[in-house]
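# What the coordinates show
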Amino acid sequence: MTCAELYTPQLRARGYRMTPQRLAILHTLHHAGAHLSPTEIYETVKKELPGLTETTVYRTLEFLAENGLARPAQRSKGHLVYEIAQHEHHHIVCRVCGDEMEVEHTLLKTLYQKLESTSGYKLTDSHITFFGPLP
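First things first, this report covers the structure right here in the doc. Quick caveat, the model's predicted, so the values are computed rather than measured.

### Notes on the overall build of the protein
- Tallying secondary structure elements over the protein gives 5 helices and 5 strands in all.
- When the helices and strands of the protein are placed in sequence order, the string is α-α-α-α-β-β-β-β-α-β.
- Referenced to the eigenvectors of the C-alpha coordinate spread, the extents of the protein come out at roughly 45 × 35 × 25 Å.
- Looking at the protein as a whole, 36% of its 135 residues qualify as buried.

This is the structure:
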């Protein structure tokens, strides 16, 4: 299945259309296999769309995150990176070397449920990045 076939129906279901910029950014994130900074995404996508601006990349990433197709996360120095939103998970990042690992959402599910029941909020985004040095 192509990225267009995978993501276009998801945008249409929310009342949006698939633009060339959105598709190129989703394609880049989908095939990256890693977190990418907006600049890394821009450098990759501008080869396909030479008229693309870095501002458009930032706006599109924000739009994709708001619509559940991309997920922002923080790197060790607080820089924002993005990945394709495939499954709920969190990250733990070493502040010294920058190494990171995924933390399955199931480990924090009880905490999220308790937060919802005590605060009255319905959590719609559930990403946390933990920081600390490796021992």
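Still to come is the rest of the account.
### Here we look at the packing of aromatic side chains
- Scanning all chains against the criterion turns up 1 aromatic pair.
- Here the aromatic rings of Y16 and F63 are separated by 4.8 Å at their centres, their planes lie at 90°, and the arrangement is edge-to-face. Of this pair, Y16 sits in the loop between helix 1 (3-13) and helix 2 (20-32) while F63 sits in helix 4 (residues 54-66), and the two are 47 residues apart along the sequence.
- Residue F63 is classed as buried on the basis of its relative accessible area, which comes to 13%.
- One cation-aromatic arrangement involves R22 over F63; the distance from NZ or CZ to the ring centre is 3.9 Å.

### Describing the pattern of salt bridges
- Under the definition given, this model contains 2 salt bridges.
- K122 is the salt-bridge partner of E116, the closest N and O atoms lying 3.6 Å from each other.
- Residue classification places K122 among the exposed positions, given a relative accessible area of 64%.

### Some remarks on the packing of helix 2 against helix 4
- At a minimum axis distance of 10 Å, the contact between helix 2 and helix 4 shows a crossing angle of 75°. One finds that helix 2 runs roughly perpendicular with respect to helix 4. On helix 4, the residues that touch Q21, R22, I25, L26 and L29 of helix 2 are T56, V57, T60, L61, F63 and L64.
- Classifying every residue of the contact of helix 2 with helix 4 by side-chain character gives 7 nonpolar, 3 polar and 1 charged.

### Quick notes on the sheet that holds strand 5 (residues 129-131)
- Ordered in space as 4-3-5, the 3 strands form an open sheet in which the pairing is mixed. At either end of the open sheet lies a strand with only one pairing partner, and these are strand 4 (100-104) and strand 5. The mean angle between the axes of side-by-side strands here comes to 25°, regardless of whether they run parallel or antiparallel.
- Summarising the sheet, strand 3 (residues 89-93) and strand 5 pair through 3 bridges and their orientation is parallel. Directly across from H91, in strand 5, lies its bridge partner T129.

Rules behind the numbers
Residues numbered from 1 in each chain as written. Predicted model: local features only at pLDDT ≥ 70, side-chain atom pairs only at ≥ 80, totals over all residues. Heavy atoms only, no water. Helix = DSSP H or I, 4+ residues; strand = E, 2+ residues; numbered from the N terminus. Buried < 20%, exposed > 50% of the residue type's maximum accessible area, 1.4 Å probe, protein only. Phe/Tyr/Trp six-rings, centres within 6.5 Å; stacked < 30°, edge-to-face > 60°. Lys NZ or Arg CZ within 6 Å of the ring centre and 35° of its normal. Salt bridge = Lys/Arg side-chain N within 4 Å of Asp/Glu carboxyl O. Axes fitted to C-alpha atoms, helices over the stretch in contact; angles between N-to-C directions. Parallel < 35°, antiparallel > 145°, perpendicular 65-115°, else oblique. Contact = heavy atoms within 4.5 Å. Nonpolar A, V, L, I, M, F, W, Y, C, P; charged D, E, K, R; others polar. Pairing = 2+ DSSP bridges.

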